[in-house]
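# Residue-level structural notes
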Amino acid sequence: MKKIINKPEAMVNEMLEGIYLAHKDMVEFVNDDYHCYVTKNKIENKVGLATGGGSGHLPLFLGYVGDGLLDGCSVGDVFQSPSAEQMFEVTKAIDSGAGVLYIYGNYNGDIFNFDMAAEMADFEEDIRVETVILADDVASPAPQPGEKSTRRGVAGMFFVYKCAGAAAKRMMDLDEVKRVAEKANANVRTLGVALTPCIVPKVGRPSFQIKEDEMEIGMGIHGEPGMRTGKLQPADEIVNEMMEQILNDLPFQSGDEVAVLINGLGATPLEELYVMYRCVAHILEEKKIDVFKAYVGEFASSMEMAGASISLLKLDDELREMIADPADTPFFTQM
Amino acid sequence: MKKIINKPEAMVNEMLEGIYLAHKDMVEFVNDDYHCYVTKNKIENKVGLATGGGSGHLPLFLGYVGDGLLDGCSVGDVFQSPSAEQMFEVTKAIDSGAGVLYIYGNYNGDIFNFDMAAEMADFEEDIRVETVILADDVASPAPQPGEKSTRRGVAGMFFVYKCAGAAAKRMMDLDEVKRVAEKANANVRTLGVALTPCIVPKVGRPSFQIKEDEMEIGMGIHGEPGMRTGKLQPADEIVNEMMEQILNDLPFQSGDEVAVLINGLGATPLEELYVMYRCVAHILEEKKIDVFKAYVGEFASSMEMAGASISLLKLDDELREMIADPADTPFFTQM
Amino acid sequence: MIITHLEFKQLLNAWAEVMLQHKDYLIGLDSIVGDADLGLTMSEGFAAAVHAVEDLDETDIGKLSYFSGKAMSRAVPSSMGTLMSQGFMSAGKALRGTDKLDEQGIAEFFEAYFDGVKNLGHAELGEKTFLDGMIGSLEILKEGAETGRSLKESAPMIIAAADKDLEKTTTMIAKHGRAAARGEASRKLVDPGAAVAKLMLTSFAEFVLENE
Amino acid sequence: MIITHLEFKQLLNAWAEVMLQHKDYLIGLDSIVGDADLGLTMSEGFAAAVHAVEDLDETDIGKLSYFSGKAMSRAVPSSMGTLMSQGFMSAGKALRGTDKLDEQGIAEFFEAYFDGVKNLGHAELGEKTFLDGMIGSLEILKEGAETGRSLKESAPMIIAAADKDLEKTTTMIAKHGRAAARGEASRKLVDPGAAVAKLMLTSFAEFVLENE
Ligand SMILES: Nc1ncnc2c1ncn2[C@@H]1O[C@H](COP(=O)(O)OP(=O)(O)O)[C@@H](O)[C@H]1O
Ligand SMILES: Nc1ncnc2c1ncn2[C@@H]1O[C@H](COP(=O)(O)OP(=O)(O)O)[C@@H](O)[C@H]1O
Ligand SMILES: [Mg+2]
Ligand SMILES: [Mg+2]
Ligand SMILES: [Mg+2]
Ligand SMILES: [Mg+2]
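Here's a quick rundown of the structure.

Definitions and limits used
Residues numbered from 1 in each chain as written. Chains lettered and ligands numbered in written order. Predicted model: local features only at pLDDT ≥ 70, side-chain atom pairs only at ≥ 80, totals over all residues. Heavy atoms only, no water. Helix = DSSP H or I, 4+ residues; strand = E, 2+ residues; numbered from the N terminus. Rg over C-alpha atoms; globule rule 2.2 N^0.38 Å. Buried < 20%, exposed > 50% of the residue type's maximum accessible area, 1.4 Å probe, protein only. Contact = heavy atoms within 4.5 Å. Areas by Shrake-Rupley, 256 points an atom, 1.4 Å probe, with all protein chains shown as cover. Lys, Arg positive; Asp, Glu negative; His and termini not counted. Charge placed at Lys NZ, Arg CZ, Asp CG, Glu CD. Polar contact = N/O pair within 3.5 Å; in protein donor to acceptor, adjacent residues only side chain to side chain. Salt bridge = Lys/Arg side-chain N within 4 Å of Asp/Glu carboxyl O. Buried area = accessible area lost by both parts, 1.4 Å probe. Phe/Tyr/Trp six-rings, centres within 6.5 Å; stacked < 30°, edge-to-face > 60°. Lys NZ or Arg CZ within 6 Å of the ring centre and 35° of its normal.

When you go through chain A residue by residue, the secondary structure sums to eight helices and 14 strands. Expected size for 335 residues packed as a compact globule is a radius of gyration near 20 Å; at 19 Å, chain A falls within 12% of this value. On the principal axes, the C-alpha backbone points of chain A span a range of 55 × 50 × 40 Å. Counting all 335 residues of chain A, 68% fall into the buried class. Within chain A, counting contacts between residues at least 6 apart in sequence, those at least 24 apart form 73% of the total. Counting every atom, chain A has about 10800 Å² of accessible surface; 46% of that belongs to carbon and sulfur. Each charge class in chain A can be summarised by its mean position, and for the 30 positive and 54 negative side chains these summaries are 3 Å apart.

Spelled out as structure tokens, the structure:
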């Protein structure tokens, strides 16, 4: 395990301390607990937006706390949900009278804890909490009516944060912000490809293997099994296969307008992400799907995993404006 | 070689095409050559700032072309200088009457080609060109009076770009912008540590080896030999060793004010960079050196190399303002 | 057999130990279906449960169970961590004011534990979860309490049932958690959460046999 | 021996081939001292030089040399690429209007090449560069031209000198390029640029021996 860390058990706390030290003008923690991360810029009567999830995915999740985005985030251990109590503390800290919206990925552990936290917020503090659970990974099953969705939330969550953050900043009320978040969530699709595994520091060895000449299409951001394993292909072939799955899932259609995100999982260089974007742009042009804005970089990582994901968000007039709005956090700035 | 690319020979051009497609509102190429990269936002009578260098270091070098930073960049093949002709084409495109400043790293190939380009600019177009050659890597020898400096330019170059970019944006003249760039260059120091090698796509195998349990302190961003190889240490010990070298080199002293950059070389997760920053902040606090601003992320990478570097820039009133000024490029935005 | 606050703490201890011993086993199972964390969360979670109550001067088993669950929920808020803490907290609420558990009390403890998990997780039997790993043992305990069978007699039956229940999860399709994303392909795999149930119940049965 | 535009193109060809054959050797040398690119840049650079002039209907060796250098500078703008292209361009300027090279002309060609590299790179002899790999052979050629010795006679001397010169770089401290960062530690290493000089000169000598 080649990591620049001290004791594996200390990693998350030391990383968080580093973040608070580096960005003391913008963010702080509450309840004497590094894991309860909130913006310093609280806006009276704005709907509070909270997310949360495991560490190991920077800039996800806490990186989207800041101006024009989210207000707070509870942070877990590597790939572990934060606790209900931590979520509750963040909820109290960010509520400024207009209620709080929980926006987080569709993972059991997070759901159990956010549900407990919402109960505490209602019961102990009379804070109205609404929830939007994010699920954009086309490698996991599409939601079936009446059944609990098992579709995972991955990098496309960024788009939902962006839209909900802009809606809240425009002082929409809780129901409206929730409506925008749900629309963005319904309109976003992601698929990833992994080339190498990552290592949870406390475990100390890769939690799965990918053969030296192979890749796995659809692997989740914690190494969850994907759609297929196969020989590593040239970039254009990988992207073609991924785009076909993504486009068919919503489906996206000729005449649509989209925002695109090419997300690096950690070890994959930015150079390769742009090689992928080139191919994505060509496919979209051929299908007569317009690109309003392209994001390329690391938006939801899995520590040192090599690989990337492609996300598309279908826009309407409202979502286009939400995407275009400015935002400013220590990890993401858009003018 | 696990890369998401097509033919290795096509990598740089395909990456550049991806960049132009993704950011068509902000940047373009001139002379029908992807390697001649310029901002779309040309400001009349502003000093033109140009850099250049090999590919494989994104966001270095072209990532710093944009508002409040540089105006143009000539782009070479992976780890290769662009040609004199390409530099000359960029020079012509960005000159808007106030002359052009070349700012680039102290590498033979770049120097030879920038020198040829400056001659062409003078001889063929009567454009006044000045040059500042950047050298911040304390792992390579400090400049000796009267001798050609062999100190390398690495991640700290970002700070010089930032200061020169702000100076030019404030419409200082060529001599003034050059003075600011030289001051920043004289005040910046960097040291890196590498954990794993990177692979030049056309070569197809690592150009050097680091043993499974070892690290190399001071390795250059192309894998140039460092100061020492040794067993991988805990983060705090690595940072202590690096900081001692950096602080002694300028030297930085109690009462100084600095900007800090923790730069990831490619495969090292952001989490680990913040673990490092925590230790840097503690050391600086103990030494009574004030941190004005901290940057943490990938600013000068070596494709999939694992490792990181620490840069310190000593500030005075002028440089503090230059660092604080806003900037906006597809790869770096500061409000 | 009568379980007082002393035996309850010993039982917690035994569970913490068995999770520690099977840390790699659980990591291995979860690395096939999920995110490879279960060995860590269970060993840490049960250790936190032990730690929270070991020095408490408290004889109310309900309170001990509740506090151990709350501590676990802080320590390991993973799916299983939260479900297990919910189990302890629900059992704690059900047994509040009790300072001795006989056969009847033990059956109540496990039933409330089971219901706590079920209420938070909204899972049904047959959906390849912890519940499926516990159900057989729970029925033996409940039946034993009704028919007056001693825990000592039930213990070997529990060991056999826990083993069979775990085996049976390899015939089910996962509907919850990370494994669910696999659909049909999840069927032939052992459910890691059910393996935790087997460890808890087997370890409980051995505790009974050793202490009787 | 007389070199016309035809032999000059053949010589370029021979150089391109020898660089291709020694691609991995040069990568290896440069990976110890520098950035491991030299095998790529030299094989590509000389191939570009060949390509630029092979179909040119041009008998002026000066122009052929100049254009091959310019093509190389576009193709491989690395240190050695730029220095080598500068060598060809300088030689081209010096020989402009010449369509035959005798012993004298050959010596002029290599001298101008050497000077071109020296002027752009600002290196002195003994600073562990390409120049140190070429100097001995250049002196043999100059002396041969002065004393009327045939190229055929000089050829074996060049092969020996080029070998010795390269060996001698292992006694020098690098003052230029990436290797310079190593200071004293650079001393015992073979200079990759000097290895290119040896390849060029040895290959030239063999060309002479084969064509005489
Ligand atoms: N809704 C549920 N009800 C009961 N048990 C569940 C439920 N969801 C998951 N589980 C159990 O949790 C186990 C996985 O736990 P864990 O590894 O903690 O999940 P994660 O790492 O995804 O948070 C599964 O094997 C399953 O037995
Ligand atoms: N100033 C110089 N003059 C002559 N030769 C030089 C000079 N600097 C470097 N060289 C030669 O160039 C070689 C390295 O070339 P190359 O691999 O192209 O460098 P880089 O990859 O750093 O651009 C050195 O081994 C040396 O012989
Ligand atoms: Mg990374
Ligand atoms: Mg990276
Ligand atoms: Mg798990
Ligand atoms: Mg080289």
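This paragraph deals with the side chain of Glu224 of chain B. With respect to the helices and strands, Glu224 of chain B occurs in the loop between strand E8 (214–217) and strand E9 (228–231). Relative accessible area serves as the criterion here: at 0%, Glu224 of chain B is assigned to the buried category. Within the local environment of Glu224 of chain B, its side chain forms a polar contact with the side chain of His222 of chain B, the two groups lying 2.7 Å apart. Those residues in contact with Glu224 of chain B that sit more than four places away from it in its chain are Tyr107, Arg152, Gly218 and Met219 of chain B together with Arg178 of chain D.

Below, the discussion takes up the pattern of salt bridges. Taken as a whole and assessed by the stated rule, the structure comprises 73 salt bridges over all chains. The salt bridge involving Glu89 of chain A is made with Lys92 of chain A; its shortest N-O contact spans 3.4 Å. Remark: Lys92 of chain A and Glu89 of chain A occur in helix H2 (residues 84–94); sequence separation between them is three residues, near one turn of the helix. A salt bridge links Arg128 of chain B to Glu130 of chain B; the shortest N-O distance between them is 3.3 Å. For Arg128 of chain B, a relative accessible area of 40% corresponds to the partly exposed category. One salt-bridge network, held together by shared partners, links Glu176, Arg179, Lys183, Asp316 and Glu318 of chain A.

The next point concerns the interface of chain B and chain A. In this assembly, 59 residues from chain B lie in contact with 59 residues from chain A. Regarding the contact of chain B and chain A, the summed buried area is about 4700 Å², with carbon and sulfur atoms giving 64% of it. At the junction of chain B and chain A, the tally comes to four salt bridges. The salt bridge involving Glu17 of chain B is made with Arg278 of chain A; its shortest N-O contact spans 2.8 Å. For the pair chain B and chain A, the interface holds 26 residue pairs in polar contact (both at pLDDT 80 or more). Sorting elements by how many residues they give to the side of chain B that touches chain A places helix H7 (residues 270–286) of chain B first, with ten residues.

On to the packing of aromatic side chains. Here the structure, examined in full by the defined rule, presents 58 aromatic pairs over all chains. Plain terms: the ring middles of Tyr102 of chain A and Phe114 of chain A are 4.7 Å apart, the flat faces sit at 55 degrees to each other, and that makes the pair tilted. Taken together, the residues Tyr102 of chain A in strand E5 (residues 100–105) and Phe114 of chain A in helix H3 (residues 108–125) connect sequence positions twelve residues apart. You can call Tyr102 of chain A buried: its relative accessible area is 0%. Members of the aromatic cluster, joined through ring pairs, are Phe8, Trp15, Phe46, Phe88, Phe109, Phe110, Tyr113, Phe130 and Phe204 of chain C. A cation sits over an aromatic face here: Lys293 of chain A above Tyr295 of chain A, 5.4 Å from the ring centre.

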